[in-house]
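Here's the letter readout for the chains.
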Amino acid sequence: MVEVTYHCPYCGALTSLERDAYLDDKSVTKEPLEGWAYAPTTGDYEEADGVEFVCIGDADPARDGCGRTFYLNFVKFEEGREVEPPGISLEEDPNFDFLR
């Protein structure tokens, strides 16, 4: 098991999840992806397509969370091919240049 941290897309607070290292993250979104099945952080998320978080900011005690719900989406496969969520192109999302 590894502890992985995620930023809330609303307020930027950190939250963490202890999970198996083999799970591949696809994205963190404000809304659930169509066709993805989500589990709560206290549930059996290893069998789900993602995790539903409530932002409480537990990984950074200096920053409170906003209490809003956001979603961690795992890479999903069907018949050996990666599934892209309908209506959303993650490649068209803004790219960030951290070298500036």
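Note that the structure is predicted; figures quoted are calculated from it, not measured.

A. Quick look at the overall build of the chain. Secondary structure assignment for the chain yields zero helices and eight strands. Starting at the N terminus and ending at the C terminus, the chain contains elements arranged as β-β-β-β-β-β-β-β. Across the 100 residues in the chain, those meeting the buried criterion constitute 32%. If you take every contact in the chain between residues at least 6 apart in sequence, the share linking residues at least 24 apart comes to 52%. Just so you have it, the chain exposes about 6700 Å², and 47% of that area is on carbon and sulfur atoms.

B. Summary view of the sheet that holds strand E6 (residues 69–74). The strand order E3-E6-E5-E4 describes an open sheet built from four strands, whose pairing is mixed. Unpaired on one side and paired on the other, strand E3 (25–29) and strand E4 (38–40) mark the two borders of the sheet. Across the sheet, the axes of successive neighbouring strands diverge by a mean angle of 25°, strand direction being ignored. By the bridge criterion, five bridges tie strand E5 (residues 50–54) to E6 in an arrangement that is antiparallel. Bridge pairing in E6 places Phe 53 opposite Phe 70.

C. Focus on the packing of aromatic side chains. For the coordinates displayed, the defined rule picks out three aromatic pairs. A ring pair is formed by Tyr 6 and Phe 53, whose centres lie 5.6 Å apart and whose planes are at 50°; its orientation type is tilted. Taken together, the residues span a long stretch of sequence, with Tyr 6 in strand E1 (residues 2–7) and Phe 53 in strand E5 at a distance of 47 residues. Classification of Phe 53 as buried rests on a relative accessible area of 2%. The rings of Tyr 6, Phe 53 and Phe 70 are connected pair by pair, giving a single aromatic cluster. Over the face of the ring belonging to Trp 36 we find Lys 76, whose NZ or CZ atom lies 4.7 Å from the ring centre.

D. Expanded view of the pattern of salt bridges. Per the stated rule, a full pass over the model turns up four salt bridges. Its salt-bridge partner being Glu 84, residue Lys 26 comes within 3.3 Å of it at the nearest N-O pair. Placement of the pair is Lys 26 in strand E3 and Glu 84 in the segment after strand E8 (81–82), with a sequence separation of 58 residues. The closest approach of N and O atoms between Lys 76 and Asp 49, which form a salt bridge, is 3.4 Å. Residue Lys 76 is located in the loop between E6 and strand E7 (77–78), and its partner Asp 49 is located in the loop between E4 and E5; the two are separated by 27 residues in the primary sequence.

E. Up close: the confidence of the model for the chain. Summing up the model confidence of the chain, the mean pLDDT is 82 and the portion of residues at 70 or higher is 79%. Of all the helices and strands in the chain, E7 carries the lowest mean pLDDT, 86, while E6 carries the highest, 94.

Cut-offs applied
Residues numbered from 1 in each chain as written. Predicted model: local features only at pLDDT ≥ 70, side-chain atom pairs only at ≥ 80, totals over all residues. Heavy atoms only, no water. Helix = DSSP H or I, 4+ residues; strand = E, 2+ residues; numbered from the N terminus. Buried < 20%, exposed > 50% of the residue type's maximum accessible area, 1.4 Å probe, protein only. Contact = heavy atoms within 4.5 Å. Areas by Shrake-Rupley, 256 points an atom, 1.4 Å probe, with all protein chains shown as cover. Pairing = 2+ DSSP bridges. Axes fitted to C-alpha atoms, helices over the stretch in contact; angles between N-to-C directions. Phe/Tyr/Trp six-rings, centres within 6.5 Å; stacked < 30°, edge-to-face > 60°. Lys NZ or Arg CZ within 6 Å of the ring centre and 35° of its normal. Salt bridge = Lys/Arg side-chain N within 4 Å of Asp/Glu carboxyl O. pLDDT = per-residue confidence, 0-100.

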